[in-house]
Amino acid sequence: MYIGSSIFLIALGAILAFAITPGLIPFIDQTVVGYILMGAGVLGVILSLVFAAPRRQRTVSESRRFADPANGDTVTRHEMREDGI
């Protein structure tokens, strides 16, 4: 569920719970349905934000030093990469 649809559920639930006259829809307690929709919308917003949060990453740095066999020069190689935790 995305944030947009969650906000839609919150708005629809608020309309059912507070704006429409109770008893307009027979056999359904629209106030309770409105509260349920608002709760589902709030839960959807929270879950969307949790799953969209950036994950913690670890940067690994590695250096290697070796001698070039052709001319005997010392060569240093630096390598960095990011590992997800």
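Everything below is about the structure printed above this text.
The sections below set out a description of the structure shown in this document. (Residues numbered from 1 in each chain as written. Predicted model: local features only at pLDDT ≥ 70, side-chain atom pairs only at ≥ 80, totals over all residues. Heavy atoms only, no water.)

### Observations concerning the side chain of Q30
Relative to the assigned elements, Q30 resides in helix α2 (residues 30-52). Look at Q30 and you get buried, because its relative accessible area is 2%. Once residues lying within four places of it in the same chain are set aside, the contact partners of Q30 are L16, A17, I20, T21, P22, G23, L24 and I25. (Helix = DSSP H or I, 4+ residues; strand = E, 2+ residues; numbered from the N terminus. Buried < 20%, exposed > 50% of the residue type's maximum accessible area, 1.4 Å probe, protein only. Contact = heavy atoms within 4.5 Å.)

### Points about the packing of aromatic side chains
Counted by the stated rule, this structure contains 1 aromatic pair. Ring centres 5.8 Å apart and planes at 80° place the aromatic pair F18 and Y35 in the edge-to-face group. Linking F18 in helix α1 (residues 3-19) with Y35 in helix α2, this pair joins segments that are 17 residues apart in sequence. For Y35, a relative accessible area of 45% translates into the label partly exposed. (Phe/Tyr/Trp six-rings, centres within 6.5 Å; stacked < 30°, edge-to-face > 60°.)

### Description of the environment of A14
Its location among the elements puts A14 in helix α1. Considered as a pair, A14 and V33 are 19 residues apart in the sequence and their alpha carbons are 9.7 Å apart.

### Re unusual backbone geometry
If you check the backbone angles, F27 has positive phi at about 70° while not being a glycine. Tracing the backbone shows F27 in the loop between α1 and α2.

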